[in-house]
Amino acid sequence: VEGERGLFNRRLLHTYCQFKGGGGCHVVKMLSFLPRSLLNGAVQTRAFATEKEIAMRISATKNIKKITSSMKMVSASKLRGDQTRLDAAKAFGTWTSTLGTKVASFEDIVHGLVEEEKSVFVGGKKNVVIALTSDKGLCGGVNSAIARGIRGLLGKYGDSEDVSVVVVGEKGRSQLRRMVAPRMYAAATDVAAPLSFAFASELAEKVLTDFSAEKEGTLGAVHVAYNKFKSAIAYVPSVATVTPFAAAGRGETLATFEFEQPEAKETVLHNLFEYYLATELYYGMMEAATSEQSSRMQAMENASKNAGELIDKLTLLYNRARQARITTELIEIISGASALD
Amino acid sequence: MSLSVCVIIPEKTFLNCETNQIILPTTTGNIGILSNHAPLVTLLDPGVLRYETSGSWIPSVVYSGFAQVANNQVIVIVKGAEEVFKSKDIQELEKTFNDL
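Residues numbered from 1 in each chain as written. Chains lettered and ligands numbered in written order. Predicted model: local features only at pLDDT ≥ 70, side-chain atom pairs only at ≥ 80, totals over all residues. Heavy atoms only, no water.

**Description of the pattern of salt bridges**
Residue and element names in this part refer to chain A.
(1) Moving on: Throughout the structure, instances matching the rule amount to nine salt bridges over all chains.
(2) Moving on: We note a salt bridge from aspartate 87 to lysine 90, for which the minimum N-O separation is 3.9 Å. Placement of the pair is aspartate 87 and lysine 90 together in helix H2 (residues 51-94), with a separation of three residues, close to one helical turn.
(3) Moving on: Across the pair glutamate 329 and arginine 325 runs a salt bridge whose closest N-O atoms are separated by 3.3 Å. (Salt bridge = Lys/Arg side-chain N within 4 Å of Asp/Glu carboxyl O. Helix = DSSP H or I, 4+ residues; strand = E, 2+ residues; numbered from the N terminus.)

Given below as structure tokens:
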């Protein structure tokens, strides 16, 4: 009844059943009139998708496939650029290995495959974890891998320790904000890619001033968490631990070296440590960016493949619906014609 | 050729060469490094780094950073470094300067 909206909004529901029996094909058409009000409380019956609806779904899926495959190609070209930058940064990154950076994967630390099975955290002093993640999404599991790794690390070893978390990247920030909320210290988001050494040194300076402002010796270690790039299809979530230099005593850094400015030895060591941390951060950022691009490429590849499969399935459905419609029209015409006779 | 020199900047390895003598711009002035120098760590100020090859000195501009000398190996880690354009012709120099 027109005019009365909502109560008797009738819809014609067609249900087509097509089944093969014996040697032939039977088409049965059932008409059922059901007022909408009866439907709302009861089981929701969906109309069998018409030809046009399936056609719309197919064209939408085709568009999605185009978008994901072009995103994949963009990622592939960005990956090349990131890989070149990473290779160039390797020389810069290896000088720090002489100063004692320890790199281990989250897997090894948390599941105790490292022989000593001891915490990477320095007891009794402040520990800072810097997580390197991405700003943009659609990049597969890279960011959740880092967030999970940090959560596991803190869960296993971080209970009694003073650990603060600094996050680079929006995706990591939103995940870690929920997971390790009380320990989140700062976040740097929407930094223009590609990340530069200038940004790395700014971050290193900020971390050092904020955490060892009072006096040297309050900062135990800085841990940089990032995805190490192994190959175009594999990355390993890892953490690189950097411990501050000791100016004197048993663990004295560079003890065999003379200092050109000996009266300023503490300053030199402090500056060197800041530079060292900036280098580790920069190298970690390069690795993280390369892993992100390769993961995004893989994710988009999978999405395009799935879209292709979905298009094939929908096309079969569409053809079935089309044939059903044609058969119905034929039956109507033929029965109409035979009625005249 | 007794010293091996490596100048590294974040983006790449800027310089890799062998020389007999190198001058570094440290925070307390220029120092010259010859072979068999004692192990040394020094802060570098932005300045001109010169190394000697076959009688002539080749300069480059380096930004701030560190230098480490050990076992006749000089490793210079700096934030950046620039090539130096040399010419005897003043017009050519001016032209390159304006092009920058």
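That was the structure; now back to the text.
**Things to note about unusual backbone geometry**
(1) Moving on: Located in the positive-phi region is leucine 138 of chain A, a residue other than glycine, with phi close to 60°.
(2) Moving on: You can see leucine 138 of chain A is positioned in the loop between strand E4 (126-132) and helix H4 (142-157).
(3) Moving on: With a phi close to 50°, asparagine 71 of chain B is a non-glycine residue in the positive phi region.
(4) Moving on: Mapped onto the secondary structure, asparagine 71 of chain B falls in the loop between strand E8 (65-70) and strand E9 (73-78).

**What to know about the interface of chain A and chain B**
(1) Moving on: Counting residues at the interface gives 18 residues for chain A, matched by 24 residues for chain B.
(2) Moving on: When chain A packs against chain B, the two sides together hide about 1900 Å² of surface, and 69% of this comes from carbon and sulfur.
(3) Moving on: On the chain A side of the interface with chain B, the three residues burying the most area are Phe257, Glu260 and Tyr275 of chain A, jointly 30% of the side's total.
(4) Moving on: Between the two partners, chain A and chain B, sit zero salt bridges.
(5) Moving on: Inspection of the chain A/chain B interface yields two residue pairs in polar contact (both at pLDDT 80 or more).
(6) Moving on: Contributing elements (two or more residues each) for the side of chain A that touches chain B: H2, strand E9 (258-259) and helix H7 (265-340) of chain A.
(7) Moving on: For the side of chain A that touches chain B, the element with the most residues is H7 of chain A, which contributes five residues. (Contact = heavy atoms within 4.5 Å. Buried area = accessible area lost by both parts, 1.4 Å probe. Polar contact = N/O pair within 3.5 Å; in protein donor to acceptor, adjacent residues only side chain to side chain.)

**Notes on helix H5 (residues 170-179) of chain A**
Residues and elements named next belong to chain A.
(1) Moving on: Within the span of H5, buried status applies to Gly172, Gln175 and Leu176. The buried residues of H5 occupy an angular sector of 95° when the element is viewed end-on, so they sit on one face.
(2) Moving on: Lining the buried residues of H5 we find E4, H4, strand E5 (162-168) and strand E6 (184-188). (Buried < 20%, exposed > 50% of the residue type's maximum accessible area, 1.4 Å probe, protein only. Arc of directions from axis to C-beta.)

**With respect to the confidence of the model for chain B**
All names here are of chain B.
(1) Moving on: Scored by pLDDT, chain B comes out at a mean of 87, with 98% of its residues at no less than 70.
(2) Moving on: By mean pLDDT, helix H1 (residues 90-99) is the weakest element of chain B at 79, and strand E3 (residues 22-26) is the strongest at 93.
(3) Moving on: The complex model carries a pTM of 0.77, and its ipTM stands at 0.76. (pLDDT = per-residue confidence, 0-100.)

**A short note on the environment of alanine 303 of chain A**
Residues and elements named next belong to chain A.
(1) Moving on: With respect to the helices and strands, alanine 303 occurs in helix H7.
(2) Moving on: Overall, alanine 303 belongs to the partly exposed group, its relative accessible area being 25%.
(3) Moving on: Sequence separation between alanine 303 and isoleucine 67 is 236 residues, and the spatial gap between their C-alpha atoms is 9.8 Å.

**So, H2 of chain A**
(1) Moving on: A rise of 1.5 Å per residue sets the reference length of H2 of chain A, with its 44 residues, at 64 Å; its end C-alpha atoms lie 62 Å apart and thus fit the reference within 8%.
(2) Moving on: Residue alanine 88 of chain A marks the point of greatest curvature in H2 of chain A, where the axis turns by about 30°.
(3) Moving on: Taken residue by residue, H2 of chain A has Glu51, Ile54, Ile58, Thr61, Thr68, Ser75, Leu79, Asp82, Leu86, Ala89, Phe92 and Gly93 of chain A as its buried positions.
(4) Moving on: For H2 of chain A, the secondary structure elements touched by its buried residues are helix H6 (197-211), strand E7 (219-231) and H7 of chain A together with strand E1 (3-9) and E9 of chain B. (Expected span 1.5 Å × (residues − 1). Bend = angle between axes of the 7 residues up to and from the residue.)

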